[in-house]
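# Fold and contact review
Chain residues, written in single-letter form:
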Amino acid sequence: MAEVIIALDVPGADEARALLGRIGDLGDFYKVGLELYTRAGPDFVQELHRAGKRVFLDLKLHDIPNTVASAVRAAADLDVDLLTIHAAGGPAMLQAAADAASGTGLRLLAVTVLTSLDADALSEVWGRPAPDVSAEVRRLTGMVRDAGVDGVVCSAGEAPRVRTDHGRDFLVVTPGIRPTGTDVGDQRRVATPAEAARAGADYLVLGRAVTRAEKPGAALASVLAEVAAAAV
Ligand code: C5P
């Protein structure tokens, strides 16, 4: 069954601790992203580990192969479970990252196309007519798999295709999750928890729909129930 990861998109350690307290024991896997890591760093990752939580370090690394490989080794030393890199860094960077993670407990995920980008935004970035986003995700995923990276981050809409192409042991992580009735915000390619679970995602990343809910613990409980119901 798909697992839920909560995105700790908060300014610092104090806010993250407060959120953890409001979410309670139901939350056991947390994503530390650029904002929180920049403020609270490895100390806060270790604090999460001491509290028995698993950590997804979402740094979306994108640099020359040597620099990314060194950062992957540093993340592996932190004992995090998951780390993101950008597929757009290219085959040499992906391969260097995969080699650096090999033999450690760290599983690497490549971001294919950010879920905040739609076809129009992509065509602006790439400077060519609006490409089909799914085709682009599929092409990039093939490159990621060939480089030996463990999985991808993609939208729930693209997840079934990734599953069909690459099978069960390739990790699929889907952000852009919006329970019915919640605000879409800046995301473009969104899905409900049930849709993402049925699409074959291993992990659903839940951000604002849980963290900005009036009762985050209750919001998470309802997402978990929806995922469980979708699995039967
Ligand atoms: O608040 P929301 O549910 O939109 O948060 C989604 C989280 O997933 C954010 O932390 C964002 O950085 C992350 N993410 C994403 N799209 C990707 C990779 C990660 O939205 N392709």
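This section reports on the structure supplied with the text.

The next subject is the packing of aromatic side chains. Applying the stated criterion across every chain, the model contains one aromatic pair. Taken together, a centroid distance of 5.5 Å and an interplanar angle of 80 degrees make the contact between Phe 29 and Tyr 203 edge-to-face. Highlighted residues: Phe 29 in strand S2 (residues 29-32) and Tyr 203 in strand S8 (residues 203-206), separated in sequence by 174 residues. With respect to burial, Phe 29 and Tyr 203 carry one shared label: buried. Lys 31 extends its terminal NZ or CZ atom over the ring of Phe 56, reaching a point 5.9 Å from the ring centre.

An α-helical segment advances 3.6 residues per turn. Residues three or four places apart therefore align on the same side. The complete set of buried residues in helix H4 (residues 91-101) reads Met 93, Leu 94, Ala 96, Ala 97, Ala 98, Ala 100 and Ala 101. Buried residues along H4 sit in contact with strand S3 (54-61), helix H3 (65-77), strand S4 (82-86), strand S5 (107-111) and helix H6 (133-146). Where H4 terminates, the next one or two residues include Gly 103, which has phi positive at roughly 85 degrees.

All right, on to the pattern of salt bridges then. If you walk through the whole model with that rule in mind, you get 14 salt bridges. Arg 163 serves as the salt-bridge partner of Asp 202, at 2.6 Å between the closest nitrogen and oxygen. Pair noted here: Asp 202 is in the loop between helix H8 (193-198) and S8 and Arg 163 is in helix H7 (residues 159-166), with a separation of 39 residues, a long-range link. In terms of burial, Asp 202 and Arg 163 fall into one category: buried. A network of salt bridges, in which partner residues are shared, links Glu 3, Asp 28 and Arg 54.

Right, let's talk about the site of the ligand for a bit. Taken together, 15 residues surround the ligand, and among them Asp 9, Lys 31, Arg 178, Gln 187 and Arg 208 come closest. Between an oxygen atom of the ligand and a side-chain N or O atom of Lys 60, the distance comes to 3.5 Å. Burial of the ligand by the protein amounts to 89% of the accessible area it has alone, namely 470 Å². Partitioned by chemical class, the residues of the shell around the ligand number six nonpolar, three polar and six charged.

Taken together, eight strands build a closed barrel; the order of strands is S1-S2-S3-S4-S5-S6-S7-S8 and the barrel is parallel. Sheet twist, expressed as the average angle between the axes of neighbouring strands with direction ignored, equals 25 degrees. Pairing of S3 with S4, which is carried by three bridges, proceeds in the parallel orientation. Note on S4: the bridge partner recorded for Leu 61 is Ile 85. Along the sheet, helix H2 (residues 34-50) contacts S2 and S3; its crossing angle with S3, the most-contacted strand, is approximately 150 degrees. Against the sheet, H4 contacts S3, S4 and S5, and its axis sits at roughly 165 degrees relative to S4.

Moving on to the side chain of Glu 158. Checked against the element boundaries, Glu 158 lands in the loop between strand S6 (151-153) and H7. The class for Glu 158 is buried, based on a relative accessible area of 6%. Residues contacting Glu 158, with those up to four places away along its chain left out, are Val 133, Ser 134, Val 137 and Arg 189.

Attention shifts here to the pairing of S5. The buried fraction of S5 amounts to four of the five residues, a majority that puts the element mostly inside the structure. Bridging between S4 and S5 involves five bridges; their strand directions are parallel. Across the sheet, Ile 85 pairs through a bridge with Ala 110, a residue of S5. Traced from S4 through H4 to S5, the parallel crossover comes out right-handed. Here three bridges tie S5 to S6, and the two strands are oriented parallel to one another. Its bridge partner being in S6, Ala 110 is matched across the sheet by Val 152.

What counts, and where the lines are drawn
- Residues numbered from 1 in each chain as written.
- Predicted model: local features only at pLDDT ≥ 70, side-chain atom pairs only at ≥ 80, totals over all residues.
- Heavy atoms only, no water.
- Phe/Tyr/Trp six-rings, centres within 6.5 Å; stacked < 30°, edge-to-face > 60°.
- Helix = DSSP H or I, 4+ residues; strand = E, 2+ residues; numbered from the N terminus.
- Buried < 20%, exposed > 50% of the residue type's maximum accessible area, 1.4 Å probe, protein only.
- Lys NZ or Arg CZ within 6 Å of the ring centre and 35° of its normal.
- Contact = heavy atoms within 4.5 Å.
- Salt bridge = Lys/Arg side-chain N within 4 Å of Asp/Glu carboxyl O.
- Near = heavy atom within 4 Å.
- Polar contact = N/O pair within 3.5 Å; in protein donor to acceptor, adjacent residues only side chain to side chain.
- Areas by Shrake-Rupley, 256 points an atom, 1.4 Å probe, with all protein chains shown as cover.
- Nonpolar A, V, L, I, M, F, W, Y, C, P; charged D, E, K, R; others polar.
- Pairing = 2+ DSSP bridges.
- Axes fitted to C-alpha atoms, helices over the stretch in contact; angles between N-to-C directions.
- Right-handed = clockwise from strand over helix to strand, strands pointing away.

Fair warning: the whole summary comes from geometry, so function is off the table for now.
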